[in-house]
Amino acid sequence: MILEARDRVGGRVLSQSVADGIAIDQGGQFIGPPREGPWLMDELCRALAVERFPTHEAGDKLVVVAGRRRRYRGLAPSRPLHAALDLVHAKNKVERLARGIPLGAPWRAERAGSLDEQTYAQWIDRNVRTRQSRALLRMATETLYAANPDQLSLLHALAYVRSTGRGHLTFLARVARGHQQEQIQGGAQAVPIKLAARLEGRIALGAAVRRIEVQRSGVTLSGPDVSVTCRRAVIALPPVVASRLDYVPSLPPVRDRLARDFRGGSVITASLVYQAPFWRARGLSGYAASTDGAVRGVLDVSPPDPPCGILQAFVVADTARSLSLLSADQRRTAILEALARLFGEPARSPELYFEKDWSADEWTRGCYHGLGAPRAWVDGGPALRAPVGPLHWACSEAATWGLGTMEGAVDSGRRAAREVAAALNLRPVP
């Protein structure tokens, strides 16, 4: 039996239909092949007969640093040359460090303690020489982690890179052969919706669990509208949400601390639908990044042969927290102003506008994933996965592959299912 607090399936995956067969994603959205190991989302999409399409990337990219707008090709601007070389040097350092992190077990890394005690911001300040390169790396960090570099430990930053496979920072920023390579036809929520169809009658929506009591006879999960008793339970919630439930007996202190040490990132996604992808006629790919204004990152997420053009804008970190205090009209104005500075006045007038503040979502409380604060991995990393009696944990924070992604959610779910099957002497889960 699956107890779902929301009135829908999908969790941090949420799609909104805008036309027949066309949807925008407000949560988990992109999939790409890991650099090593199985591609779990590919396997799942094939099993469910879910189609995908490549994310658009043809054309020039845009970047704004300190008010200066540039067009460029490749992974990063190549001018000025000294700043470009500095950025490449820093990227190579990050990747060398990331390759030394044990996959799925950052706390076992050599010098894990010293890596986890310092923030990523401290490492950037010590290892990146030029002002522009520091600004670009901080901007990339905000976009990729939905956090400021001083909110996460260096070990967390490296573990996130390592979880892509072989530890390539560029994988996280790439479209083709990278993290944003593909999207799911009809929206990413098509995957959990199709999975739910196979479990008809075994999913209860609007069934918020508030209390979990472990007894000799089993586990009782209860809330205002539900009460279920079972032999074992999988809690598929991010740490910051799982900690808000009432556990009897209380969880071990190390498990309680995970809510503090792995708080969710701050992100508002804004999806803008236009009559056509007007930026392409100007030779632009729709891929943009900015150190200024409300928006840090933008991607063209239009479907193939588009009857419309769709931009996805990411408001993250401190900016997301600031904008969340404004009215909906004020947020929209700030986001459209940022897009107009990037793409011109046509960006100010979308046909449709959708927005989602994940920090304000009661059952998520932050995206893309829980951020490892200093000392979080060394002090509490193993507790993310370790069962507590008959209680098992599944969330993308507890993944081996793809921390904070749909890939990681599948990996974590399979691992929890194998634990339960082994404990109950059931047929092994592949």
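Residues numbered from 1 in each chain as written. Predicted model: local features only at pLDDT ≥ 70, side-chain atom pairs only at ≥ 80, totals over all residues. Heavy atoms only, no water.

S.K.: Can you help me understand the overall build of the protein chain in this one?
M.R.: A count of helical and extended segments in the protein chain gives 15 helices and 21 strands. Projected onto its principal axes, the C-alpha positions of the protein chain cover 65 × 50 × 40 Å. Looking at the protein chain as a whole, 57% of its 430 residues are labelled buried. Long-range pairs, those at least 24 residues apart, make up 71% of the contacts in the protein chain with a sequence separation of at least 6. Carbon and sulfur atoms provide 51% of the accessible area of the protein chain, an area that totals close to 18600 Å². (Helix = DSSP H or I, 4+ residues; strand = E, 2+ residues; numbered from the N terminus. Buried < 20%, exposed > 50% of the residue type's maximum accessible area, 1.4 Å probe, protein only. Contact = heavy atoms within 4.5 Å. Areas by Shrake-Rupley, 256 points an atom, 1.4 Å probe, with all protein chains shown as cover.)

S.K.: I'm lost on the nonpolar core in this one. Help?
M.R.: Nonpolar side chains in soluble globular proteins tend to be buried together. In terms of nonpolar packing, the biggest core is built from 64 residues, with Tyr120, Leu137, Tyr145 and Val267 touching the most fellow members. Looking at this core, the element that brings in the most residues is helix α6 (residues 154-162), giving seven residues. Leaving out residues up to four positions away in the same chain, valine 267 has contacts with Ala146, Phe314, Val315, Val316, Ala320, Lys356, Asp357, Trp358, Ser359, Cys367 and Tyr368. Residues Tyr274, Val295, Val315 and Ala347 belong to the second largest nonpolar core, which totals 26 residues. (Core = buried A, V, L, I, M, F, W, Y, C linked by side-chain atoms within 4.5 Å.)

S.K.: Is there a simple way to explain the state of the cysteines in this structure?
M.R.: Simply put, the disulfide is a covalent bond whose two ends are the sulfur atoms of two cysteines. As enumerated under the stated definition, the model contains zero disulfides in all. Looking at cysteine 395, it has no disulfide partner, and the nearest cysteine sulfur is the one in cysteine 367, 12 Å off. (Disulfide = S-S within 2.5 Å.)

S.K.: Can you help me understand the sheet that holds strand β5 (residues 60-65) in this one?
M.R.: What links the strands of a sheet is backbone hydrogen bonding, and the strands pair in either a parallel or an antiparallel sense. Sheet architecture is open: seven strands sit in the order β6-β5-β16-β17-β18-β15-β19, paired in mixed fashion. The open sheet is flanked by β6 (68-72) and β19 (352-357), the only strands paired with a single partner. Taken pair by pair, the neighbouring strands of this sheet meet at an average axis angle of 15°, ignoring direction. In this structure, strand β16 (residues 284-290) lies alongside strand β17 (residues 297-300), joined through two bridges in antiparallel fashion. (Pairing = 2+ DSSP bridges. Axes fitted to C-alpha atoms, helices over the stretch in contact; angles between N-to-C directions.)

S.K.: Help me out: how do you make sense of the environment of leucine 221 in this one?
M.R.: Considering the arrangement of structural elements, one finds leucine 221 in strand β10 (residues 218-223). Of the residues examined, leucine 221 reaches a relative accessible area of 11% and is grouped as buried. Sequence separation between leucine 221 and alanine 233 is twelve residues, and the spatial gap between their C-alpha atoms is 8.6 Å.

S.K.: Help me out: how do you make sense of unusual backbone geometry in this one?
M.R.: Apart from glycine, the bulk of residues carry a negative phi angle, and the bulk of peptide bonds sit in the trans form. At the junction of valine 248 and proline 249, the peptide bond is cis and its omega measures out at -5° in the coordinates. Relative to the helices and strands, proline 249 resides in the loop between β13 (246-248) and α10 (253-256). In this model, cysteine 367 is joined to tyrosine 368 through a cis peptide bond whose omega is 5°. Looking at the secondary structure, you find tyrosine 368 in the loop between β19 and β20 (370-372). Positive phi is not limited to glycine here, since alanine 146 has a value of about 60°. Following the sequence through the fold, alanine 146 ends up in the loop between α5 (131-145) and α6. Classification of alanine 146 by relative accessible area gives buried; the value is 0%. Here the phi dihedral of alanine 317 falls at roughly 55°; this positive angle occurs in a residue that is not glycine. Here alanine 317 is to be found in helix α12 (residues 317-323). Since its relative accessible area comes to 0%, alanine 317 is described here as buried.

S.K.: Explanation requested: the packing of aromatic side chains in the structure shown.
M.R.: Each aromatic ring pair is specified by the distance between its two centres and by the angle formed by the two planes. As enumerated under the stated definition, the model contains ten aromatic pairs in all. Ring centres of phenylalanine 278 and tryptophan 279 lie 5.0 Å apart, and the angle between their planes is 80°; this geometry places the pair in the edge-to-face category. Tryptophan 279 carries the same exposure label as phenylalanine 278, and that label is buried. Through a chain of ring-to-ring contacts, three or more aromatic side chains come together here, namely Tyr120, Trp123, Tyr145 and Tyr160. Above the face of the tryptophan 39 ring, arginine 52 is positioned so that its terminal group lies 5.3 Å from the ring centre. The ring of tryptophan 393 has arginine 255 sitting right over it, with the charged end atom 3.6 Å from the ring centre. (Phe/Tyr/Trp six-rings, centres within 6.5 Å; stacked < 30°, edge-to-face > 60°. Lys NZ or Arg CZ within 6 Å of the ring centre and 35° of its normal.)

S.K.: How should the packing of helix α4 (residues 120-127) against α5 be read in this particular structure?
M.R.: Describing two packed helices takes the angle between their axes plus the distance from one axis to the other. It is at 10 Å that the axes of α4 and α5 come closest, and there the two elements cross at 160°. Considered as vectors, α4 and α5 are oriented roughly antiparallel to each other. The chirality of how α4 crosses α5 is right-handed. From α4, Tyr120, Ala121, Trp123, Ile124 and Asp125 reach across to α5, where they touch Arg134, Leu137, Arg138 and Thr141. Residues of the contact of α4 with α5, tallied by class, amount to five nonpolar, one polar and three charged. (Parallel < 35°, antiparallel > 145°, perpendicular 65-115°, else oblique. Left-handed = near helix turned anticlockwise from the far one by under 90°. Nonpolar A, V, L, I, M, F, W, Y, C, P; charged D, E, K, R; others polar.)

S.K.: Even after reading the chapter, I still don't get the environment of alanine 23, so can you show me in this structure?
M.R.: Take alanine 23: it is sitting in strand β3 (residues 22-25). Once the C-alpha coordinates of alanine 23 and leucine 62 are considered, the two residues, 39 residues apart in sequence, prove to be 25 Å apart.

S.K.: What am I meant to see in the packing of helix α2 (residues 81-99) against α5 here?
M.R.: Between α2 and α5, whose axes approach to 8 Å, the crossing angle comes to 50°. With respect to α5, the element α2 is oriented oblique. Helix-helix and strand crossings are classified by hand; for α2 and α5 the assignment is right-handed. Where α2 approaches α5, its residues Ala83, Asp86, Leu87 and Ala90 are matched on the opposing element by Gln132, Ser133, Leu136 and Leu137. Considering only residue class, the contact of α2 with α5 consists of five nonpolar, two polar and one charged.

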